[in-house]
Amino acid sequence: MFNSAATRQLAIATSADYPSIQPDDAHLAISLERLGVQLIVCVWNDPQVDWSRFDAVLIRTIWDYFKHHAAFLDWLDRLDRLGVPTINDRALLRWNSDKRYLLELAQRGVAIIPTRLTNAAGLPDVLAAMPGQQVVIKPTISGSAWHTLRGTVGDASFAAAVTRLPREHDYLVQPFVPEIVSDGEWSLLYFAGEFSHAVIKRPATGDYRVQDEFGGSVEPVQPNVATLAAAERALVAVAALSHGGHAYVRVDGVISAGRFLIMELELIEPFLYLAAHPAAAERLAQDVAERLAGIRRSALAGAL
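Rules used in this analysis
- Residues numbered from 1 in each chain as written.
- Predicted model: local features only at pLDDT ≥ 70, side-chain atom pairs only at ≥ 80, totals over all residues.
- Heavy atoms only, no water.
- Helix = DSSP H or I, 4+ residues; strand = E, 2+ residues; numbered from the N terminus.
- Rg over C-alpha atoms; globule rule 2.2 N^0.38 Å.
- Contact = heavy atoms within 4.5 Å.
- Lys, Arg positive; Asp, Glu negative; His and termini not counted.
- Charge placed at Lys NZ, Arg CZ, Asp CG, Glu CD.
- Salt bridge = Lys/Arg side-chain N within 4 Å of Asp/Glu carboxyl O.
- Buried < 20%, exposed > 50% of the residue type's maximum accessible area, 1.4 Å probe, protein only.
- Polar contact = N/O pair within 3.5 Å; in protein donor to acceptor, adjacent residues only side chain to side chain.
- Pairing = 2+ DSSP bridges.
- Axes fitted to C-alpha atoms, helices over the stretch in contact; angles between N-to-C directions.
- Core = buried A, V, L, I, M, F, W, Y, C linked by side-chain atoms within 4.5 Å.

A. Layout of the overall build of the protein chain. A tally of regular secondary structure across the protein chain gives nine helices and 13 strands. Radius of gyration (C-alpha) of the protein chain: 20 Å, near the 19 Å computed for a compact globule of 304 residues. Counting only C-alpha atoms and orienting by the principal axes, one finds that the protein chain spans roughly 65 × 40 × 35 Å. The contacts of the protein chain with a sequence gap of at least 6 include a subset with a gap of at least 24, amounting to 68%. Averaging the locations of the 27 positively and 34 negatively charged side chains of the protein chain gives two centres separated by 2 Å.

B. Looking closely at the pattern of salt bridges. Following the criterion strictly, the structure yields 13 salt bridges and no others. Here Asp25 makes a salt bridge to Arg60, at a shortest N to O gap of 2.9 Å. Residue Asp25 is located in the loop between strand 1 (8-14) and helix 1 (26-34), and its partner Arg60 is located in strand 3 (residues 56-61); the two are separated by 35 residues in the primary sequence. Note on Arg60: relative accessible area 4%, which makes it buried. Here the salt bridges do not stand alone but share partners, grouping Glu185, Lys201, Arg250, Asp252 and Glu266 into one network.

C. Geometry of the side chain of Lys99. Along the chain, Lys99 falls in the loop between helix 3 (90-96) and helix 4 (101-107). On the basis of relative accessibility, which here comes to 5%, the residue Lys99 falls in the buried class. For Lys99, the side chain forms a polar contact with the side chain of Glu264, separated by 3.5 Å. Those residues in contact with Lys99 that lie beyond four places of it in its chain are Lys138, Pro139, Thr140, Ser142, Gly143, Leu172 and Glu264.

D. View of the sheet that holds strand 9 (residues 185-191). Reading across from one edge, 11-10-9-12-13 is the order of the five strands in this open sheet, with antiparallel pairing throughout. Looking at which strands have only one partner, the edges of the open sheet turn out to be strand 11 (217-220) and strand 13 (259-266). The average angle at which neighbouring strand axes cross in this sheet is 30 degrees, direction not considered. Sheet topology places strand 9 next to strand 12 (residues 248-256); six bridges connect them, and they run antiparallel. Each residue of the ladder has a partner; that of Tyr190, found in strand 12, is Val249. Its contacts with the sheet place helix 8 (residues 225-240) against strand 9, strand 10 (194-202), strand 12 and strand 13, and it is angled at close to 55 degrees to strand 9.

E. Looking closely at the sheet that holds strand 8 (residues 170-175). Within the open sheet, the four strands sit side by side as 5-8-6-7. Their pairing is antiparallel. Of all the strands in the sheet, the pair left with one neighbour each is strand 5 (116-119) and strand 7 (149-152). Sheet twist, expressed as the mean angle between neighbouring strand axes with direction ignored, is 30 degrees. Relative to strand 8, strand 5 runs antiparallel, the two sharing four bridges. The residue bridging Arg116 from the neighbouring strand is Val173, located in strand 8.

F. Here's a closer look at the nonpolar core. One finds Leu10 and Trp75 to be the most contacted residues of the largest nonpolar core, which totals 47 residues. Put simply, the parts of the chain that give this core at least two residues each are strand 1, helix 1, strand 2 (37-43), strand 3, helix 2 (69-82), strand 9 and helix 9 (278-303). No other element matches the eight residues that helix 9 contributes to this core. Residues within four places of Trp75 in sequence aside, it is in contact with Ala13, Trp44, Trp51, Val57, Ile59 and Ile62. Formed by 27 residues, the second largest nonpolar core is a distinct cluster that contains Ala198, Leu228, Val238 and Ile262.

It is worth stressing that arrangement in space is one thing and function is another; only the former is reported here.
And the structure:
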């Protein structure tokens, strides 16, 4: 399915809590419109949206997808049936939506924070093997520190909090990396496979969560050669898993004992820090426009 009108129509997928184009994406939207792309903002789980009218869907602020993961996968299946492409690709979105992908990266030699995977019932046994350690527990499907706990194994209040975690989730258990507090969490932005810019996110005093809703702050930074190489090794591993060709990715990590450790690869709906980088917004817009042109050429060829 593709739009036969001269103007390419691109759905910008958002969420009910963020139903408009956010300020950080404003220049991206302007740049796309200058390239002849008509933008229509759509809430991803709005049942009234006719997705078949669009040439493609650009995933942006669907910042609640992890709370409705089954519905999210169903939505991707629906787009499959309609033949409407997504940017990034649907197979990549499905893979990236569950953080157990970190273990696949580790198997390919990517340096990650040491991670153990367990269901809720197995948490006591996993924690028993980490006595006295500060740890972080998070669902494999999560975002924005949702159902995330930090504490010391053996502490009674932490143990009680663990018992209150939802039982239906699988969890990652990781040692807490103190450099997140002392030095900050890095985010490296790549568009069409090329490094663009980077920021460091720091938690508020007394917290470990870097998200702005918890008082975190952001500042621009230039990564060194070793940090860039570590991030790019992770992207090579993603490509080796048949998930290359992404339009955008944010590589999140922390430098601990001189090594850049991958915390997450954000390939679904990352905040891209474009407001301070208009040239990056324009490069991403150009890449998206070229992808749309390729989609249209393929659709026209298939119709002949």
